[in-house]
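Results of the structural survey
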Amino acid sequence: MMGSEAHDKRPPMLTSSNQDLSPHLADMGQIKHYFCGCCAAFTNVAITYPVQKILFRQQLYGIKTRDAILQLRKDGFRNLYRGILPPLMQKTTTLALMFGLYEDLSRLLRKHVSNAPEFATRSVAALLAGTTEAILTPLERVQTLLQDHKHHDKFTNTYQAFRALRCHGVAEYYRGLVPILFRNGFSNILFFGLRGPIKEHLPTATTQSAHLVNDFICGGVLGAMLGFLSFPINVVKARIQSQIGGPFQSLPMVFKTIWIERDRKLINLFRGESSSLNPSSAWRTGAEVALSAMAVAP
């Protein structure tokens, strides 16, 4: 009898256990957005860092691709991955925030502003996510300094670069914040706003692997387009952040200086733009979208 009674009591205990686990499983589903964004960014930086370094040199000095490659060859293989730690930290965190916060904020806004148009809700969520990413500006700032060969003799690693900026005050870590805010907000709104419409024009996916392929293609198209549109902003940002100390110059002032230096020709302002549109850039953003899309997969 006692064994029978014990046996009869087991199912309710299992049911209770499942009920206890359900909130934790739901939490894991929400965290997946952040985790997939982080993994996508790590893959991005680890594989394409040399290409991004070539692009950075072109943005900063307005030189051709061949000259930027020659600069890296002169620096040597030892310095090829110099400065990779800040972008690894910055990109993994920002992409996790980008996808995770966008989903969380979209859900929150839909819940509390039910009458707002879907496009407006998603645009505000994208803008807020991009603004939040900007808190990691110091990492992007140090990355710029480490990639610039003019600073090779001043510091050799991330810690030294952070320490070199400390004597100039906290504001020095956030030099270049305005173009970053503008770039992040602009790019996020277009990225999340156009991701759905572009994917709708692709062949209908019937399997999970087909969905990932569509996300990859969609990300590649968006990566090439956004890389082109935001290129001038990144040129100005690179120039602003390559400076250590001294007065803070406004975005329009720096843009005017670069415009004059490059003979007032638009094509010279886009030096390095071909690198931002190359296959590795499209692959990078496509991989980010495909990996992050796994977060919403059933």
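Okay, so let's go over this structure. (Residues numbered from 1 in each chain as written. Predicted model: local features only at pLDDT ≥ 70, side-chain atom pairs only at ≥ 80, totals over all residues. Heavy atoms only, no water.)

1. A short note on the packing of helix 3 (residues 85-112) against helix 8 (residues 177-200)
This is how it is decided: Convention adopted: a line fitted to C-alpha atoms gives each axis, helices being fitted over their contacting stretch, and angles between N-to-C directions are expressed from 0 to 180 degrees. Working definition: helices are DSSP H or I runs of at least four residues, strands are E runs of at least two. Numbering for both runs from the N terminus. Throughout this description, any angle smaller than 35 degrees is read as roughly parallel, any larger than 145 degrees as roughly antiparallel, any in the 65 to 115 degree range as roughly perpendicular, and the remainder as oblique. In this scheme the handedness of a crossing depends on how the near helix is turned from the far one: anticlockwise by less than a right angle means left-handed, clockwise means right-handed. Throughout, a residue-residue contact means that at least one pair of heavy atoms, one from each residue, lies within 4.5 Å. Polar here means any residue outside two lists: the nonpolar Ala, Val, Leu, Ile, Met, Phe, Trp, Tyr, Cys and Pro, and the charged Asp, Glu, Lys and Arg; Gly therefore counts as polar.
Packing of helix 3 against helix 8 leaves a shortest axis separation of 12 Å and a crossing angle of 65 degrees. One finds that helix 3 runs roughly perpendicular with respect to helix 8. Read as a crossing pair, helix 3 and helix 8 show a hand that is right-handed. Judged by residue contacts, Met 98, Phe 99, Tyr 102 and Glu 103 of helix 3 engage Asn 188, Phe 191, Phe 192 and Arg 195 from helix 8. Here the contact of helix 3 with helix 8 is built from residues that sort into five nonpolar, one polar and two charged.

2. A short note on the nonpolar core
Cut-off, in case you're wondering: Among the buried residues, those of types Ala, Val, Leu, Ile, Met, Phe, Trp, Tyr and Cys that are joined through side-chain atoms within 4.5 Å form a nonpolar core. Working definition: with a 1.4 Å probe on protein chains only, accessible area under 20% of the residue-type maximum means buried, over 50% means exposed, and in between means partly exposed.
Core analysis: the largest hydrophobic core is formed by 19 residues, its most contacted members being Leu 95, Met 98, Phe 99, Leu 101, Tyr 102, Phe 191 and Phe 192. Of all the secondary structure elements, the ones that give two or more residues to this core are helix 1 (2-61), helix 3, helix 4 (118-133), helix 8 and helix 9 (208-229). The dominant element in this core, judged by the number of residues it contributes, is helix 3, at seven residues.

3. Details of unusual backbone geometry
Within the chain, Asp 263 stands out as a residue other than glycine whose phi angle is a positive 60 degrees. Mapped onto the elements, Asp 263 comes out in the loop between helix 11 (251-261) and helix 12 (266-269). The class for Asp 263 is exposed, based on a relative accessible area of 54%.

4. Remarks on the pattern of salt bridges
Just so we agree on the cut-off: When a carboxyl oxygen of Asp or Glu is within 4 Å of a side-chain nitrogen of Lys or Arg, the pair counts as a salt bridge.
Counted according to the given criterion, the structure contains nine salt bridges. As a salt-bridge pair, Glu 118 and Arg 110 come within 3.9 Å of each other at their nearest N and O atoms. A residue is classified by how much of its surface remains accessible, and Glu 118, at 39% relative accessible area, is partly exposed. Looking at Arg 110, the relative accessible area reads 35%, which means it is partly exposed. Where Glu 118 meets Arg 122, a salt bridge forms, and the shortest distance between an N and an O atom there is 2.8 Å. On the criterion of helical spacing, the pair formed by Glu 118 and Arg 122 is a turn pair, its members being four residues apart in helix 4. Here the salt bridges share partners, and the residues they tie into one network are Arg 110, Glu 118 and Arg 122.

5. Digging into helix 9
To be explicit about the condition: Residue count minus one, scaled by 1.5 Å, sets the expected span of a helix.
Between its first and last C-alpha, helix 9 extends 31 Å over 22 residues, near the 32 Å set by a 1.5 Å rise per residue. Within helix 9, burial applies to Asn 214, Asp 215, Cys 218, Gly 219, Gly 220, Leu 222, Gly 223, Ala 224, Leu 226 and Gly 227.

6. Focus on the packing of aromatic side chains
So the rule is basically this: Ring geometry is summarised as follows: Phe, Tyr and Trp rings, the Trp one being its six-membered ring, pair when their centres sit within 6.5 Å, and such pairs are stacked at plane angles under 30 degrees, edge-to-face over 60 and tilted between the two. Placement of a charge over a ring requires the Lys NZ or Arg CZ to be within 6 Å of the ring centre, with the centre-to-atom vector within 35 degrees of the ring normal.
What the rule picks out here adds up to 10 aromatic pairs. Both rings, one in Phe 182 and one in Phe 186, keep their centres 6.3 Å apart while their planes meet at 5 degrees; by these two values the pair is stacked. Of this pair, Phe 182 and Phe 186 both sit in helix 8, four residues apart, which is roughly one turn of the helix. Look at Phe 182 and you get exposed, because its relative accessible area is 51%. Relative accessible area serves as the criterion here: at 31%, Phe 186 is assigned to the partly exposed category. Pairwise contacts between aromatic rings join Phe 99, Tyr 102, Phe 191 and Phe 192 into one cluster. Arg 175 extends its terminal NZ or CZ atom over the ring of Phe 248, reaching a point 4.0 Å from the ring centre.

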